[in-house]
Amino acid sequence: MKLSIHVAAMVITSLLVFDPLWGQSARQNVLLICVDDLRPELRCYGVEQIHSPNIDALASRGMLFRRHYVQAPTCGASRYTLLTGRYGSSGNDALFRRAQSMAVNSASSSDPYATSNIYPSLPSWFRQRGYTTVSVGKVSHHPGGRGGERWDDDSILEMPDSWDRHLLPAGAWGDPRGWMHGLAHGEIRIDAPRGGQVEMDVIQSVEGDDSIYPDGVTVEESLAQLRQLSADAAKPFFLSVGLLRPHLPFGAPRKYRDLYDGIDLPATPHPNRPSGRTTWHRSGEFMKYDRFGRDPNGDPEFAMRVRRHYAACVSYADAHVGRLMAALQQSPAATNTIVVLWGDHGWHLGEHGIWGKHALFEESLRSPLIVVAPTISSAGMASDSVVETIDLFPTLCELAELDIPTYCQGSSLVPILQEPRREGRPAVSYFKKARTIRTTRYRLILHDDGYVELYDHATPALETLNIADRQPETVRRLTTMLRERLP
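Residues numbered from 1 in each chain as written. Predicted model: local features only at pLDDT ≥ 70, side-chain atom pairs only at ≥ 80, totals over all residues. Heavy atoms only, no water.

Draft legend 1. Representation of the state of the cysteines in the model. Per the stated rule, a full pass over the model turns up zero disulfides. No disulfide involves Cys-44; its sulfur sits 17 Å from that of Cys-34, the nearest cysteine. Overall, the relative accessible area of 24% leaves Cys-44 in the partly exposed class. You can see Cys-408 has no disulfide; the closest cysteine sulfur is in Cys-397, sitting 5.8 Å from it. (Disulfide = S-S within 2.5 Å. Buried < 20%, exposed > 50% of the residue type's maximum accessible area, 1.4 Å probe, protein only.)

Draft legend 2. Structural detail: the packing of helix α2 (residues 53-61) against helix α10 (residues 300-329). Contact geometry of α2 with α10 gives a least axis separation of 7 Å together with a crossing angle of 50 degrees. What the angle tells us is that α2 and α10 run oblique. Of the residues in α10, those in contact with Pro-53, Asn-54, Ile-55, Leu-58 and Arg-61 of α2 are Asp-318, Ala-319, Val-321, Gly-322, Met-325 and Gln-329. A per-class count over the contact of α2 with α10 returns six nonpolar, three polar and two charged. (Axes fitted to C-alpha atoms, helices over the stretch in contact; angles between N-to-C directions. Helix = DSSP H or I, 4+ residues; strand = E, 2+ residues; numbered from the N terminus. Parallel < 35°, antiparallel > 145°, perpendicular 65-115°, else oblique. Contact = heavy atoms within 4.5 Å. Nonpolar A, V, L, I, M, F, W, Y, C, P; charged D, E, K, R; others polar.)

Draft legend 3. Molecular detail of the sheet that holds strand β18 (residues 452-456). Spatially, four strands are ordered β15-β16-β17-β18 in an open sheet, and the strand pairing comes out antiparallel. Two strands in the sheet have a free side with no partner beyond their single neighbour: β15 (427-431) and β18. Taking each pair of neighbouring strands and ignoring which way they run, the sheet shows an average axis angle of 15 degrees. Note: β15 against strand β16 (residues 434-438), five bridges, orientation antiparallel. Within the sheet, the bridge partner assigned to Ala-427 lies in β16 and is Arg-438. Running over the sheet, helix α14 (residues 472-485) touches β15, β16, β17 (442-447) and β18 and is turned about 70 degrees from β17. (Pairing = 2+ DSSP bridges.)

Draft legend 4. View of the sheet that holds strand β3 (residues 132-137). Taken in spatial order, the eight strands make up an open sheet running β6-β3-β8-β1-β10-β13-β2-β14, and their pairing is mixed. With partners counted over all chains shown, the strands left at the sheet margins are β6 (165-167) and β14 (381-388), one partner each. Neighbour to neighbour, the strand axes of the sheet diverge by 15 degrees on average, direction disregarded. Across the sheet, α2 touches β2 (63-69), β10 (337-343) and β13 (369-372), and the angle it forms with β13 is around 50 degrees. Running over the sheet, helix α7 (residues 214-231) touches β3, β6 and β8 (237-243) and is turned about 170 degrees from β8.

Draft legend 5. Looking closely at α7. Relative to the 26 Å expected for 18 residues at 1.5 Å per residue, α7 spans 27 Å between its end C-alpha atoms, a close match to the ideal helical length. By the burial criterion, the buried members of α7 are Pro-214, Asp-215, Gly-216, Thr-218, Val-219, Ser-222, Leu-223, Gln-225, Leu-226, Leu-229 and Ser-230. For α7, the elements touching its buried residues are β3, β6, α6 (176-180), β8 and α10. (Expected span 1.5 Å × (residues − 1).)

What follows is the structure, given as C-alpha cells:
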C-alpha cells in the first residue's frame, strides 16, 4: 500500500512538472494553506503515531523543511511577517496597526504607502500584478480580516488593499469571533473577566460530520472559491485558506479522536519547569478553560488525554488539507499551482511545563513548512537548512516569476528547493521583552535587560541547560548577529 501511494505521488509530481499542455509560459497560481498552532508532530516529520496521510502525501510531492522557524510565537505577529515580508512587533494587533498607518497616510496624501515602513502586502503585491486574491478562514489574525466587537465590521479592515475577497462563513457560530473559539454545533466561548475562567471545555469530541466544527464550514467555502478561481484560465489566482484547528479548544468530530484510542504518544521530553530565568509562562490561555479540576502538569493521565485530543484536531485539519488537494488535482489549475502548507507557530504539549505557545523555546517557534513548486522537481525531498517564515514572500514571488520587492527582509528559498543541502541562514524571533537567534547548533535568547540564555542543540540537554556563562565568545558572536538582524 505504501508503495502504491509513493508511485501515485511520483506520477502526480511528474504531471506537475512536465505537463506539456501548460508549458513554461503558464502563470503560476498560489494555494497557501495556513494551519493554526500546528506542531511539526506529523508522520512526515517522523512521529509515526500521528494520522496525517494528506499532509504526508503533500510532503511526498514537494519539499519538507525540517527546520522552519516563525518570527513570533503568537498568531497575529507571525502572520504579520508572512503577509508583509517584514519583521514587526510581537503583538496580535500588528496588522491592524499597519492598517491604521495606511489610513493616516491616505488621509494626508492619498497614498497608503507614504511612509517608509509601510509597503504592499504579499497578496497586494500579487494583486497589483494581475492576480485574483482570495482569503478564506483565519489567514490574518482575525478570521475574515475585519475588526469591531464581533470582528465583522466592514469598515475596519485588517489588510486593506490586499484581497479581492476576504471571507469567513461563520455558520452556526454567528460571527468571526464566535467561530474563532467555537466548539461543536455553534458553541462559542464567552470570555470571562481578565484572569477568570471561561465556561468552555478545553477538550471535546462529539459525534458528527466535519461541519459540526468551524473548519468544516470554512473548507466548503474554500472549495467553492477554488472551483471559481480555477475555472478562469485567463487570470491567475492567489488563494489562501486558514484552518483553525488545532487551535484551542481542542475539539474535533469523534471519528478523529477514535483514531487515538489506546495509542500512546511519544514521551514528552524535558517536561519540568526550567529552574533558571527563561521565557517560561504559566500557560494562561490553556489554563483558563474548564479542565475538569485537573492540571496536566503532574497528572500524566490527563496530559495524555489532552495530547490525544490535540492529535485528533491535527487529523481533522489533515482531512481538510486532503479535500483541498483533491479538489485542486481535479481542477484545471492542477498543473500550474504552487502549494504551501505553513504552520503559524509551534505549541508546547508539556515541554518545559508549558501548555501553549508564547515562549521563545524551540517548541513555540518551530513549525511545519511544505512547498510544492510545479517548476522545480523536489518531490519527496526534505531539507535541514534553517529557514524562516519571512522567507516565504520572496520565495513565492520567485516561483511565480514576479519581481521580488526590495523591502522584503527574507531570502528566497528557491536555491534550497533546487538543492536541499544548501545552507540557510540563522532564524530570528521575538516576543515581548526578548529576542532569539537559532543557528544550526545554538539558540541564544537575549532579554531586553541584557540577560542571556544560550542552549547547545548538539548536546542531549538541548534547551534545558543555559551555558551562556561557559561560552562567552559564542554569546558575543550570536548577540552581534542578532542585533544586526533586529537592531
